[in-house]
Amino acid sequence: MLFEVWREAGRWWAAGHHDGKSLILEGTTELDLSAVSQRRVSDIEPYLQGRRAQVRAARGEL
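Overview of the structure. (Residues numbered from 1 in each chain as written. Predicted model: local features only at pLDDT ≥ 70, side-chain atom pairs only at ≥ 80, totals over all residues. Heavy atoms only, no water.)

## Structural notes on the pairing of strand β2 (residues 11-18)
Note the threshold: Pairing between two strands requires that DSSP report at least two bridges joining them. Numbering of helices and strands runs from the N terminus, with a helix taken as a DSSP run of H or I at least four residues long and a strand as a DSSP run of E at least two residues long.
In this sheet, β2 lies alongside strand β1 (residues 4-8) in antiparallel orientation, the contact comprising five bridges. Residue pairing for β2: E4 is matched across the bridge by A15. Hairpin connection of β1 to β2: two residues between the antiparallel strands, including G10 at a positive phi of 85°. Note: β2 against strand β3 (residues 21-28), eight bridges, orientation antiparallel. Paired with R11 across the bridge in β3 is T28. Connecting β2 to the next strand, β3, in antiparallel fashion are two residues, including D19 with a positive phi near 50°.

Take it as geometry only, folks, not as evidence of what the structure does.
Here it is in structure tokens:
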């Protein structure tokens, strides 16, 4: 998938389309865009668990 990239002070966005699907990424300049890679994931639940843990920590629930 090829991405179109936009940059602004401290942030970047990348958008691409493939097979009727769209994907938009957002990051800060602290994350090097060239270090981002794609891979197929069949089970997203472990990623959702990690995100939920981040949200709980940010809320002070841990």
